[in-house]
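Understanding the architecture of this molecule
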Amino acid sequence: MSAVTPPLPYRVADTRAETADSRSVELVPADRELPPFSPGQFAMIYAFGVGEVPISVSTLCGPHGGLVHTVRAVGAVSTALYALRPGDTVGLRGPFGSGWDLDAAAGQDVLVVAGGIGLAPLRPVVHAVLDRPAAHGRLGILVGTRTPDDLIYREDIERWRDRARVGVAVDRPAPHWQGSVGAVTTLLDAFALRPDRTHALVCGPEVMMRHTARVLMGRGLAAHRVQVSLERNMRCATGHCGHCQLGPLLLCRDGPVVGYDRVARLLAVREL
Amino acid sequence: MTDLPPLLDFLPLVQRRRLLSVALDVSFPVGARLFDEDGEADRFWLLRRGEVALDVRLSGRQPEAVVETLGPGQLLGWSWVCPPYRWHLGARAVTGVEALEFPATDVLALCAADPELGYALMRQFTGVVAERLQATRIRLLDLYAPQGSGPR
């Protein structure tokens, strides 16, 4: 979508606590419906009277048939969205941006690497791959979080273990934690990466994505086989205002998902 | 021996066989301590199955703090490579562990007799240490804290 559109009213159908500071919010159209989203695309969500932020879709069709977004309360707008309750109304624009290129991964292994709440934009990818198991090879899901309590989608992750190679690593283990401790990249060995037939989809803090991409390339994965989801200050989401510019890219339009071969150099430039 | 850790893939077949000739198949039950901090670092392992937690002693009565876990396919132990040849951390089996154990004395003798093998092995170890160093640095940035990862 490139045209500037007014926000459409969407009603909160349900909310679900994910962690102490993050919540999934399912939105259903109050009247007219936005065009369908694809995995990796984002919506601009307007908390009336507070402001608008870009949030990726974490489930394309929730329990009530709506779009699910997972929000972490870190700023004024996201805190307002975090505080939403069923029946509340927000404004929604979208779908915006490029999604994950699953066609490029057709017939190939798919490796999902997520850091923190970066798992949210990747969850539709996991659903899409699990829904069409014949379309891809093996599915690996590697998740890194700060502590065990910061892990989102716990029930999903347990379900995914039956059908994918799943690893979760935390930076700071709690006393009860029996899982992996360390950087998310330490989980790569358990996936047994096949560099010539794997596509990696990475989302998380930018430093984590750069580190992950470098480690993957060190294991023989070509840069064009690594997709990352980048964030910048997205305001208009239509490629006009320029706030989200990264070199030649306007990430609201050309991103947020970009091949690492296109952005590796750009991410190394200071104050680009 | 089957199901070899991919860490050995870098070696030509002849050298791989030479290295494996000094290896022992070992296993550890859940909770077993493989080594303690400051103990003599006289061997290393290539993990085939199970998880091992690397830990550090804390003062007082607190249990050891886990700083990293290693799993199948990964290398456990590099303190034998350089002085003072003491373990920097402790290691405990989180699950039942199966591994290939390599005595440092034997490996160093092989390296002395075959410098090509020694060079390849040290390059491999350097790579592993460098990767872990960088992963540790990244973790120190506290990336996943709200202020670290930014708004989404």
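In the block above lies the structure referred to throughout.
My aim in this report is to walk through the structure given alongside it, one point at a time. On a predicted model such as this, the values are computed, not experimentally measured, just so you know. (Residues numbered from 1 in each chain as written. Chains lettered and ligands numbered in written order. Predicted model: local features only at pLDDT ≥ 70, side-chain atom pairs only at ≥ 80, totals over all residues. Heavy atoms only, no water.)

Residue and element names in this part refer to chain B. Among the residues of helix 2 (residues 104-113), Ala-104, Val-107, Leu-110 and Cys-111 are the ones counted as buried. Buried residues of helix 2, viewed axially, fall in a sector of 125°; they line one side. The outward face of helix 2, more than 90 degrees from its buried face, is lined by the exposed residues Thr-105, Ala-112 and Ala-113. If you follow the buried residues of helix 2, they end up packed against helix 1 (13-20), strand 3 (43-49), strand 8 (97-103) and helix 3 (115-140). (Buried < 20%, exposed > 50% of the residue type's maximum accessible area, 1.4 Å probe, protein only. Helix = DSSP H or I, 4+ residues; strand = E, 2+ residues; numbered from the N terminus. Arc of directions from axis to C-beta. Contact = heavy atoms within 4.5 Å.)

With that out of the way, let us pick up the pairing of strand 7 (residues 109-115) of chain A. Residues and elements named next belong to chain A. The buried count for strand 7 comes to 7 of 7 residues, which makes it a mostly enclosed element. With burial as the criterion, each face of strand 7 is covered, one bearing Asp-109, Leu-111, Val-113 and Gly-115 and the other bearing Val-110, Val-112 and Ala-114. Here 6 bridges tie strand 7 to strand 11 (residues 198-203), and the two strands are oriented parallel to one another. Considered in strand 11, the bridge of Leu-111 is made with Ala-200. With 6 bridges joining them, strand 7 and strand 8 (residues 139-145) adopt parallel strand pairing. From the neighbouring strand, Val-110 faces strand 8, where its bridge partner is Leu-139. Viewed along the sheet, the connection from strand 7 through helix 2 (residues 119-131) into strand 8 turns out right-handed. (Pairing = 2+ DSSP bridges. Right-handed = clockwise from strand over helix to strand, strands pointing away.)

As a further point, take the interface of chain A and chain B. With 38 residues of chain A in contact, the opposing surface of chain B contributes 24 residues. Summing the contributions of chain A and of chain B, the shared interface buries around 2,700 Å²; its carbon and sulfur component is 53%. The interface formed by chain A and chain B contains 4 salt bridges. In this structure, the salt-bridge partner of Arg219(A) is Glu131(B), at a minimum N-O distance of 2.6 Å. Counting the contacts that link chain A with chain B gives 6 residue pairs in polar contact (both at pLDDT 80 or more). Counting only elements with at least two residues in the side of chain A that touches chain B, the list comes to strand 4 (51-59), strand 8, strand 10 (180-181), helix 4 (188-191) and helix 5 (206-218) of chain A. (Buried area = accessible area lost by both parts, 1.4 Å probe. Salt bridge = Lys/Arg side-chain N within 4 Å of Asp/Glu carboxyl O. Polar contact = N/O pair within 3.5 Å; in protein donor to acceptor, adjacent residues only side chain to side chain.)

Counted by the stated rule, this structure contains 10 aromatic pairs over all chains. Arranged with centres 4.8 Å apart and planes meeting at 5°, the rings of Phe44(B) and Phe102(B) form a pair that is stacked. Within this pair, whereas Phe44(B) is found in strand 3, its partner Phe102(B) is found in strand 8, the two being separated by 58 residues in sequence. By the burial criterion, Phe44(B) is buried, and Phe102(B) matches it. Aromatic ring contacts, followed pair by pair, group Phe28(B), Phe35(B), Trp45(B) and Trp87(B) into a single cluster. Positioned above the aromatic ring of Tyr82(A), the side-chain terminus of Arg23(A) is 4.3 Å from the ring centre. One Lys or Arg, Arg138(A), reaches over the ring of Phe191(A) and ends 4.6 Å from the middle of that ring. (Phe/Tyr/Trp six-rings, centres within 6.5 Å; stacked < 30°, edge-to-face > 60°. Lys NZ or Arg CZ within 6 Å of the ring centre and 35° of its normal.)

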